[in-house]
Amino acid sequence: MYTPTDWTEQVALNAARLNNMETQYQSIIDYGEALKGDDSAKKQIEVVTTLPVAGNFGRMVLLKDFGLHYDDGTNWRLVTVLSGFALSDQGVFSFGGVTGMSTSWSTYTRTVTTLSRQGLIYASFAMAYEESQENDRHREMRILVNDTVMEGSLIETKNFMAITAGAVRVGAGDVVIGAQSRALSGAHSSSVENGMRGVGWAVWEEGV
Amino acid sequence: MPYTQTDWSTSNLTVGNLNHAETQYEEAVQDAPDIRTATDIKTYLEVSSTLPSYGNEGRLIYVDGVIYIDNGDEWFTVAEVA
(Lines give C-alpha, C1' and ligand atoms only; values in the text may rest on other atoms or scores of the structure.)
Protein backbone atom coordinates (compact mmCIF):
# COMPACT_ATOMS: atom_id res chain seq x y z
CA MET A 1 0.00 0.00 0.00
CA TYR A 2 1.38 3.36 -0.97
CA THR A 3 1.70 6.04 1.70
CA PRO A 4 1.91 9.48 0.12
CA THR A 5 4.20 12.14 1.49
CA ASP A 6 2.40 15.21 2.71
CA TRP A 7 4.68 17.75 1.13
CA THR A 8 4.97 21.10 2.86
CA GLU A 9 7.67 23.74 2.89
CA GLN A 10 8.96 22.16 6.07
CA VAL A 11 9.27 18.61 4.72
CA ALA A 12 12.77 17.92 3.56
CA LEU A 13 13.20 16.85 -0.02
CA ASN A 14 15.39 13.81 0.33
CA ALA A 15 16.16 10.60 -1.55
CA ALA A 16 14.05 8.43 0.77
CA ARG A 17 10.89 10.43 0.19
CA LEU A 18 11.50 10.63 -3.52
CA ASN A 19 12.14 6.90 -3.67
CA ASN A 20 8.87 6.34 -1.83
CA MET A 21 7.16 8.35 -4.55
CA GLU A 22 8.63 5.93 -7.07
CA THR A 23 6.70 3.01 -5.59
CA GLN A 24 3.25 4.23 -6.65
CA TYR A 25 3.13 2.17 -9.84
CA GLN A 26 4.08 -1.10 -8.13
CA SER A 27 1.68 -0.42 -5.27
CA ILE A 28 -1.22 -0.17 -7.68
CA ILE A 29 -0.22 -3.33 -9.53
CA ASP A 30 0.24 -5.24 -6.27
CA TYR A 31 -3.20 -4.09 -5.16
CA GLY A 32 -4.75 -5.31 -8.39
CA GLU A 33 -3.15 -8.72 -8.03
CA ALA A 34 -4.27 -8.91 -4.42
CA LEU A 35 -7.84 -8.24 -5.48
CA LYS A 36 -7.67 -11.19 -7.83
CA GLY A 37 -6.48 -13.43 -5.01
CA ASP A 38 -8.82 -12.06 -2.36
CA ASP A 39 -11.31 -14.76 -1.40
CA SER A 40 -13.49 -12.30 0.47
CA ALA A 41 -14.15 -10.13 -2.56
CA LYS A 42 -17.13 -10.63 -4.83
CA LYS A 43 -16.11 -11.73 -8.31
CA GLN A 44 -18.23 -11.87 -11.42
CA ILE A 45 -17.03 -13.52 -14.58
CA GLU A 46 -17.53 -12.23 -18.09
CA VAL A 47 -21.14 -12.48 -19.28
CA VAL A 48 -21.69 -12.82 -23.04
CA THR A 49 -24.69 -13.25 -25.29
CA THR A 50 -22.70 -15.22 -27.88
CA LEU A 51 -19.56 -17.23 -27.37
CA PRO A 52 -16.49 -15.29 -28.52
CA VAL A 53 -13.66 -16.88 -30.48
CA ALA A 54 -11.92 -19.53 -28.41
CA GLY A 55 -8.16 -19.56 -27.89
CA ASN A 56 -7.55 -18.15 -24.42
CA PHE A 57 -6.91 -21.18 -22.26
CA GLY A 58 -8.59 -20.89 -18.88
CA ARG A 59 -10.99 -18.10 -19.79
CA MET A 60 -14.45 -18.58 -18.36
CA VAL A 61 -17.62 -16.94 -19.56
CA LEU A 62 -21.27 -17.16 -18.69
CA LEU A 63 -23.31 -17.48 -21.86
CA LYS A 64 -26.36 -15.50 -20.86
CA ASP A 65 -29.47 -17.55 -20.19
CA PHE A 66 -27.67 -20.80 -20.95
CA GLY A 67 -24.53 -21.92 -19.19
CA LEU A 68 -21.02 -21.64 -17.86
CA HIS A 69 -18.23 -22.32 -20.36
CA TYR A 70 -14.46 -22.49 -20.24
CA ASP A 71 -11.96 -22.15 -23.05
CA ASP A 72 -9.63 -25.14 -23.41
CA GLY A 73 -7.38 -23.17 -25.72
CA THR A 74 -9.09 -24.44 -28.85
CA ASN A 75 -12.79 -24.78 -28.13
CA TRP A 76 -15.37 -23.64 -25.64
CA ARG A 77 -16.44 -26.40 -23.27
CA LEU A 78 -19.76 -26.32 -21.51
CA VAL A 79 -19.24 -26.70 -17.77
CA THR A 80 -22.85 -26.62 -16.71
CA VAL A 81 -26.20 -25.52 -18.00
CA LEU A 82 -27.65 -22.89 -15.72
CA SER A 83 -31.09 -22.76 -17.13
CA GLY A 84 -32.52 -25.68 -15.25
CA PHE A 85 -33.87 -27.54 -18.25
CA ALA A 86 -36.15 -30.45 -17.47
CA LEU A 87 -38.00 -32.88 -19.67
CA SER A 88 -41.44 -31.41 -20.15
CA ASP A 89 -43.03 -33.21 -23.09
CA GLN A 90 -42.41 -35.96 -25.61
CA GLY A 91 -44.21 -37.88 -28.29
CA VAL A 92 -44.23 -39.75 -31.56
CA PHE A 93 -46.31 -39.33 -34.66
CA SER A 94 -46.50 -41.00 -38.02
CA PHE A 95 -47.75 -39.69 -41.29
CA GLY A 96 -48.56 -40.57 -44.88
CA GLY A 97 -47.46 -43.52 -46.89
CA VAL A 98 -44.61 -43.12 -49.33
CA THR A 99 -45.22 -43.96 -52.92
CA GLY A 100 -42.71 -42.49 -55.26
CA MET A 101 -40.37 -39.81 -54.13
CA SER A 102 -39.74 -36.49 -55.80
CA THR A 103 -36.40 -34.81 -56.06
CA SER A 104 -38.02 -31.85 -54.31
CA TRP A 105 -38.33 -31.94 -50.55
CA SER A 106 -41.53 -33.56 -49.36
CA THR A 107 -42.35 -31.80 -46.11
CA TYR A 108 -44.59 -32.77 -43.25
CA THR A 109 -44.87 -30.43 -40.31
CA ARG A 110 -46.55 -30.64 -36.97
CA THR A 111 -46.77 -28.31 -34.01
CA VAL A 112 -45.81 -30.66 -31.22
CA THR A 113 -45.90 -28.38 -28.22
CA THR A 114 -45.90 -24.78 -27.08
CA LEU A 115 -43.25 -23.55 -24.69
CA SER A 116 -43.69 -20.77 -22.20
CA ARG A 117 -39.91 -20.43 -21.88
CA GLN A 118 -36.94 -21.44 -23.99
CA GLY A 119 -36.32 -25.13 -24.50
CA LEU A 120 -34.14 -27.83 -25.95
CA ILE A 121 -35.54 -30.14 -28.63
CA TYR A 122 -34.38 -33.58 -29.64
CA ALA A 123 -35.95 -35.38 -32.57
CA SER A 124 -35.47 -38.38 -34.82
CA PHE A 125 -37.15 -39.24 -38.11
CA ALA A 126 -37.38 -42.71 -39.63
CA MET A 127 -38.83 -44.02 -42.87
CA ALA A 128 -39.36 -47.63 -43.97
CA TYR A 129 -40.46 -48.56 -47.48
CA GLU A 130 -40.38 -51.16 -50.21
CA GLU A 131 -37.66 -50.60 -52.73
CA SER A 132 -38.44 -52.09 -56.14
CA GLN A 133 -35.06 -51.37 -57.63
CA GLU A 134 -31.56 -52.05 -56.47
CA ASN A 135 -30.55 -48.44 -56.77
CA ASP A 136 -30.68 -47.86 -53.05
CA ARG A 137 -28.89 -45.25 -50.96
CA HIS A 138 -29.94 -42.37 -53.12
CA ARG A 139 -32.36 -40.60 -50.86
CA GLU A 140 -32.03 -37.88 -48.33
CA MET A 141 -33.97 -36.81 -45.25
CA ARG A 142 -33.69 -34.16 -42.61
CA ILE A 143 -35.46 -32.63 -39.63
CA LEU A 144 -36.36 -29.00 -39.15
CA VAL A 145 -37.31 -27.32 -35.92
CA ASN A 146 -39.06 -24.01 -36.39
CA ASP A 147 -37.74 -23.93 -39.95
CA THR A 148 -34.14 -24.48 -38.87
CA VAL A 149 -32.45 -27.62 -40.14
CA MET A 150 -31.08 -29.74 -37.28
CA GLU A 151 -27.64 -31.23 -37.46
CA GLY A 152 -28.15 -34.96 -37.71
CA SER A 153 -26.69 -38.32 -38.53
CA LEU A 154 -28.28 -40.16 -41.46
CA ILE A 155 -28.59 -43.93 -41.67
CA GLU A 156 -29.70 -45.49 -44.94
CA THR A 157 -30.15 -49.08 -46.03
CA LYS A 158 -32.08 -50.53 -48.94
CA ASN A 159 -35.49 -50.30 -47.27
CA PHE A 160 -34.97 -48.03 -44.36
CA MET A 161 -33.73 -44.58 -43.59
CA ALA A 162 -33.44 -42.76 -40.30
CA ILE A 163 -31.93 -39.60 -39.02
CA THR A 164 -31.13 -38.68 -35.47
CA ALA A 165 -30.57 -35.11 -34.52
CA GLY A 166 -28.98 -33.37 -31.58
CA ALA A 167 -30.55 -30.92 -29.23
CA VAL A 168 -31.54 -27.56 -30.62
CA ARG A 169 -32.42 -24.52 -28.55
CA VAL A 170 -35.72 -22.88 -29.28
CA GLY A 171 -37.39 -19.86 -27.82
CA ALA A 172 -40.74 -19.62 -26.14
CA GLY A 173 -43.73 -20.32 -28.37
CA ASP A 174 -44.84 -23.04 -30.73
CA VAL A 175 -42.39 -25.82 -31.54
CA VAL A 176 -42.90 -26.98 -35.09
CA ILE A 177 -41.11 -30.09 -36.25
CA GLY A 178 -40.72 -30.59 -39.96
CA ALA A 179 -39.76 -33.93 -41.50
CA GLN A 180 -38.44 -33.78 -45.04
CA SER A 181 -37.39 -36.42 -47.54
CA ARG A 182 -36.48 -36.49 -51.21
CA ALA A 183 -34.79 -38.51 -53.90
CA LEU A 184 -31.44 -37.28 -55.03
CA SER A 185 -32.14 -37.89 -58.71
CA GLY A 186 -35.09 -38.57 -60.95
CA ALA A 187 -33.84 -42.07 -61.59
CA HIS A 188 -34.66 -42.94 -58.00
CA SER A 189 -37.99 -41.20 -57.75
CA SER A 190 -40.45 -43.94 -58.59
CA SER A 191 -38.92 -47.01 -56.99
CA VAL A 192 -40.29 -46.46 -53.48
CA GLU A 193 -43.70 -47.65 -52.36
CA ASN A 194 -45.69 -48.73 -49.31
CA GLY A 195 -43.57 -46.58 -47.09
CA MET A 196 -44.29 -45.27 -43.62
CA ARG A 197 -42.71 -42.32 -41.90
CA GLY A 198 -42.51 -41.48 -38.24
CA VAL A 199 -41.01 -38.91 -35.93
CA GLY A 200 -40.06 -39.11 -32.29
CA TRP A 201 -39.33 -36.04 -30.25
CA ALA A 202 -38.71 -34.77 -26.76
CA VAL A 203 -38.49 -31.29 -25.34
CA TRP A 204 -36.77 -29.94 -22.25
CA GLU A 205 -38.11 -26.65 -21.01
CA GLU A 206 -36.19 -24.14 -18.99
CA GLY A 207 -36.98 -23.62 -15.34
CA VAL A 208 -39.54 -26.34 -14.88
CA MET B 1 4.67 -1.27 -19.66
CA PRO B 2 6.09 -1.61 -16.15
CA TYR B 3 7.33 1.59 -14.60
CA THR B 4 11.09 1.90 -14.14
CA GLN B 5 11.86 3.48 -10.81
CA THR B 6 14.39 6.26 -10.43
CA ASP B 7 16.89 5.72 -7.61
CA TRP B 8 17.04 9.16 -6.13
CA SER B 9 20.09 8.32 -4.01
CA THR B 10 22.09 8.25 -7.22
CA SER B 11 20.03 10.52 -9.48
CA ASN B 12 19.82 14.25 -9.79
CA LEU B 13 16.68 16.20 -9.06
CA THR B 14 15.82 17.17 -12.61
CA VAL B 15 12.64 18.12 -14.41
CA GLY B 16 13.00 14.99 -16.49
CA ASN B 17 13.20 12.67 -13.51
CA LEU B 18 10.30 14.36 -11.74
CA ASN B 19 8.10 14.20 -14.81
CA HIS B 20 9.00 10.54 -15.19
CA ALA B 21 7.73 9.94 -11.64
CA GLU B 22 4.47 11.59 -12.63
CA THR B 23 3.79 8.89 -15.24
CA GLN B 24 3.22 6.13 -12.69
CA TYR B 25 -0.52 6.54 -12.39
CA GLU B 26 -1.05 6.39 -16.13
CA GLU B 27 1.26 3.39 -16.51
CA ALA B 28 -0.58 1.55 -13.75
CA VAL B 29 -3.96 2.28 -15.30
CA GLN B 30 -2.76 0.85 -18.59
CA ASP B 31 -1.22 -2.27 -17.07
CA ALA B 32 -3.80 -3.13 -14.42
CA PRO B 33 -6.38 -4.66 -16.80
CA ASP B 34 -3.80 -7.25 -17.83
CA ILE B 35 -4.06 -8.64 -14.31
CA ARG B 36 -7.58 -9.82 -15.16
CA THR B 37 -6.35 -12.09 -17.93
CA ALA B 38 -2.95 -13.06 -16.54
CA THR B 39 -2.89 -16.84 -16.16
CA ASP B 40 0.17 -16.85 -13.90
CA ILE B 41 -1.49 -14.87 -11.12
CA LYS B 42 -3.54 -16.80 -8.61
CA THR B 43 -7.27 -16.24 -8.75
CA TYR B 44 -9.36 -17.11 -5.73
CA LEU B 45 -13.07 -17.60 -5.78
CA GLU B 46 -15.08 -15.72 -3.24
CA VAL B 47 -15.46 -17.94 -0.19
CA SER B 48 -18.41 -17.66 2.12
CA SER B 49 -19.94 -19.74 4.88
CA THR B 50 -23.44 -18.96 3.63
CA LEU B 51 -24.94 -18.39 0.21
CA PRO B 52 -25.64 -14.67 -0.17
CA SER B 53 -28.57 -13.19 -2.06
CA TYR B 54 -28.50 -13.79 -5.81
CA GLY B 55 -28.84 -11.05 -8.38
CA ASN B 56 -25.28 -10.52 -9.59
CA GLU B 57 -25.12 -12.33 -12.93
CA GLY B 58 -21.85 -14.19 -13.38
CA ARG B 59 -20.86 -14.18 -9.70
CA LEU B 60 -18.99 -17.31 -8.65
CA ILE B 61 -18.75 -18.37 -5.04
CA TYR B 62 -17.54 -21.29 -2.93
CA VAL B 63 -19.76 -22.27 -0.02
CA ASP B 64 -19.12 -25.32 2.10
CA GLY B 65 -17.67 -27.55 -0.61
CA VAL B 66 -19.91 -26.39 -3.42
CA ILE B 67 -19.17 -23.91 -6.21
CA TYR B 68 -22.17 -21.87 -7.29
CA ILE B 69 -22.81 -19.36 -10.05
CA ASP B 70 -25.45 -16.67 -10.04
CA ASN B 71 -27.40 -16.35 -13.30
CA GLY B 72 -29.05 -13.18 -12.07
CA ASP B 73 -32.23 -14.93 -11.00
CA GLU B 74 -30.92 -17.70 -8.75
CA TRP B 75 -27.86 -19.67 -7.69
CA PHE B 76 -26.89 -22.76 -9.67
CA THR B 77 -24.51 -25.48 -8.54
CA VAL B 78 -21.45 -25.68 -10.77
CA ALA B 79 -19.71 -28.50 -8.93
CA GLU B 80 -19.40 -30.19 -5.58
CA VAL B 81 -15.73 -30.23 -4.71
CA ALA B 82 -15.72 -31.58 -1.20
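The structure this text deals with has already been given above.
Residues numbered from 1 in each chain as written. Chains lettered and ligands numbered in written order. Predicted model: local features only at pLDDT ≥ 70, side-chain atom pairs only at ≥ 80, totals over all residues. Heavy atoms only, no water.

Draft legend 1. Representation of the layout of surface pockets within the structure. Taken as a whole, the largest pocket spans an internal volume of roughly 1000 Å³. Along the walls of the largest pocket sit 28 residues, with A:Lys36, A:Ile45, B:Arg36, B:Thr37 and B:Thr43 positioned nearest its centre. Broken down by secondary-structure element, the contributors of at least two residues to the lining of the largest pocket are helix H2 (24–36) and strand E1 (43–44) of chain A together with helix H3 (33–37) of chain B. Take the lining of the largest pocket: its biggest share by element is 5 residues, from H2(A). (1 Å grid on protein atoms, 1.4 Å probe; cavity = no way out; pocket = protein on both sides within 12 Å on 5 of 7 lines; lining within 4 Å. Points joined across faces, edges and corners; volume = space filled by probe spheres on them. Helix = DSSP H or I, 4+ residues; strand = E, 2+ residues; numbered from the N terminus.)

Draft legend 2. Unusual backbone geometry, seen in detail. Positive phi is not limited to glycine here, since A:Asp147 has a value of about 70°. The residue B:Asp64 is not glycine, and still its phi comes out positive at about 50°. Relative to the assigned elements, B:Asp64 resides in the loop between strand E2 (59–63) and strand E3 (66–70). When its relative accessible area of 69% is taken as the criterion, B:Asp64 is described as exposed. (Buried < 20%, exposed > 50% of the residue type's maximum accessible area, 1.4 Å probe, protein only.)

Draft legend 3. Looking closely at the pairing of strand E4 (residues 67–71) of chain A. Residue and element names in this part refer to chain A. Most of E4 sits inside the fold, with 4 of its 5 residues counted as buried. Relative to E4, strand E3 (residues 60–63) runs antiparallel, the two sharing 4 bridges. Bridge assignment links Leu63 to a residue of E4, and that residue is Gly67. Looking at chain direction, E4 and strand E5 (residues 76–81) are connected through 5 bridges and run antiparallel. Its bridge partner lying in E5, Gly67 is registered against Val81. Between E4 and E5, which pair antiparallel in sequence order, lie 4 residues; one of them, Gly73, sits at a positive phi of approximately 100°. (Pairing = 2+ DSSP bridges.)

Draft legend 4. Summary view of the sheet that holds strand E7 (residues 106–115) of chain A. Residues and elements named next belong to chain A. With antiparallel pairing, 4 strands are arranged side by side in an open sheet as E7-E13-E9-E10. Of all strands in the sheet, those bounded by a partner on one side alone are E7 and strand E10 (148–149). Sheet topology places strand E9 (residues 139–145) next to E10; 2 bridges connect them, and they run antiparallel. Bridge pairing in E10 links Val145 to Thr148.

Draft legend 5. Main features of the packing of H2(A) against helix H2 (residues 24–31) of chain B. Axis separation between H2(A) and H2(B) bottoms out at 8 Å; the angle between their running directions is 25°. Between H2(A) and H2(B), the angle is such that the two are roughly parallel. Between H2(A) and H2(B) lies a crossing of right-handed hand. For the pair H2(A) and H2(B), the contacting residues are A:Gln24, A:Tyr25, A:Ile28 and A:Ile29 in the first and B:Gln24, B:Glu27, B:Ala28 and B:Asp31 in the second. Residue classes in the contact of H2(A) with H2(B) are distributed as 4 nonpolar, 2 polar and 2 charged. (Axes fitted to C-alpha atoms, helices over the stretch in contact; angles between N-to-C directions. Parallel < 35°, antiparallel > 145°, perpendicular 65-115°, else oblique. Left-handed = near helix turned anticlockwise from the far one by under 90°. Contact = heavy atoms within 4.5 Å. Nonpolar A, V, L, I, M, F, W, Y, C, P; charged D, E, K, R; others polar.)

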